[in-house]
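Understanding the architecture of this molecule
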Amino acid sequence: MKFLHAVHPRDFRQYNTEQIREQFLLDGLTRPGDQRAVYTHYDRMIVGAAVPTAAPLPLEAHPELRAAFFLERREIGILNIAAGTGIVEADGERFRLEKLDCLYLGMGSRDVRFLSEDAATPARFVYFSAPAHHTYPARLMRPAEALPAELGAPETSNQRTINKYIHADGIQSCQLVLGVTNFKPGSIWNTMPAHTHGRRMEAYFYFDLPEDQRIVHLMGEPQETRHLLVRNEEGIVSPPWSIHSGVGTAAYSFIWAMAGENKAFTDMDPVPLGELR
């Protein structure tokens, strides 16, 4: 498991491209037959992925967690981003996940395994985990059950649907908030105009982007922005002091997940477009 330490915004201003990629880019997570994870020191969120093929992949309790099992003191949100059907087994209960289905497992789930129905077309599970203090029940949610929010407009190339799965009015959690953003035809800008939220960190995971295309992801303090070129099935860790926005060279989707002080989706600090630098 890789570890990402917190960065002060004053220090971030001096970073070059390679330093930014090393400290904030989540890459190489979706590898067939493997499970990989990144532990961030932003609200202790873990971002990981599992692509089971012939054999199941267990959700491992990494030694650094000092836990008997991964979810001993944690909760987790899991999405399948592939067309291949996946199965998550949790303490003997089986959950079948089609593409964009979301499964929440609460604190205390001891034996969790990832499987694919067909090894030739494996599921691609992406998960986000945060510390928990209470056990909420496991729940599987289909995209049609998610709470949609329509934002943006065709004129600004940012018309999109935000499907909220884990939030105050959806799947209950201790602090994890999670959803998926999909774009209308012709729209490629996400989270623009930009915002920050000093009460929470956020992580993005981009997917369904053609392999030869890229996302130009913007981050940094509103008046001191930087950018990264991000490929399909790569993610970004966004500190509370940073904007998190991007534009694609082709159509794409992304998972967003937050953890921190509260679960209010609307708790954000807008940044007027004219103030960005």
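Predicted model, so just to flag it, every value in this text is computed and none were measured. (Residues numbered from 1 in each chain as written. Predicted model: local features only at pLDDT ≥ 70, side-chain atom pairs only at ≥ 80, totals over all residues. Heavy atoms only, no water.)

**Describing the side chain of His-62**
Along the chain, His-62 turns up in the loop between β5 (57-58) and β6 (74-80). When residues no more than four places from it in sequence are discounted, the contact partners of His-62 are Met-1, Ala-37 and Phe-70. (Helix = DSSP H or I, 4+ residues; strand = E, 2+ residues; numbered from the N terminus. Contact = heavy atoms within 4.5 Å.)

**Things to note about the sheet that holds strand β18 (residues 200-207)**
A sheet is described by the order of its strands in space; here seven strands give the open sequence β2-β21-β18-β23-β15-β14-β13, paired in antiparallel fashion. Each edge of the sheet is formed by a strand with only one pairing partner; in this case those strands are β2 (25-26) and β13 (147-151). Sheet topology places strand β15 (residues 177-183) next to strand β23 (residues 253-260); six bridges connect them, and they run antiparallel. Note on β23: the bridge partner recorded for Gly-179 is Trp-256. (Pairing = 2+ DSSP bridges.)

**Here's the deal with the packing of aromatic side chains**
The final tally for this structure, using the stated rule, is 14 aromatic pairs. Aromatic pair Phe-12 and Trp-241: ring centres 5.3 Å apart, planes at 55°, arrangement tilted. Of this pair, Phe-12 sits in helix α1 (residues 9-12) while Trp-241 sits in the loop between β21 (235-238) and β22 (243-248), and the two are 229 residues apart along the sequence. Side by side, Phe-12 and Trp-241 carry an identical accessibility label, which is buried. Ring pairing ties together the aromatic residues Phe-183, Tyr-204, Tyr-206, Tyr-252 and Phe-254, which thus form one cluster. The ring of Phe-265 carries the charged tip of Lys-164 above its face, separated from the ring centre by 4.5 Å. Sitting above the plane of the Tyr-136 ring, Lys-263 keeps its charged end 5.9 Å from the centroid. (Phe/Tyr/Trp six-rings, centres within 6.5 Å; stacked < 30°, edge-to-face > 60°. Buried < 20%, exposed > 50% of the residue type's maximum accessible area, 1.4 Å probe, protein only. Lys NZ or Arg CZ within 6 Å of the ring centre and 35° of its normal.)

**Here we look at the UniProt feature "binding site: Zn(2+)" (unreviewed entry) in the chain**
UniProt marks His-195, His-197, Glu-202 and His-244 with the feature "binding site: Zn(2+)" (unreviewed entry), using the numbering shown here. For this annotated set, covering 50 residues, all C-alpha atoms fall within 11.6 Å of each other, a compact arrangement in space. Relative to the helices and strands, His-197 resides in the loop between β17 (195-196) and β18. Judged by its relative accessible area of 2%, His-197 is buried. Excluding anything up to four places from it in sequence, His-197 contacts Glu-202, Pro-240, His-244, Met-258, Asp-267, Met-268 and Asp-269. On the secondary structure map, Glu-202 appears in strand β18. Not counting the four nearest positions on each side in its chain, Glu-202 is found in contact with His-197, Ile-236, Val-237, Ser-238, His-244, Trp-256, Ala-257 and Met-258. Of note is the side chain of Glu-202, whose polar atom sits 2.9 Å from the side chain of His-197. (UniProt positions renumbered as here; feature names shortened; annotations may be inferred. Polar contact = N/O pair within 3.5 Å; in protein donor to acceptor, adjacent residues only side chain to side chain.)

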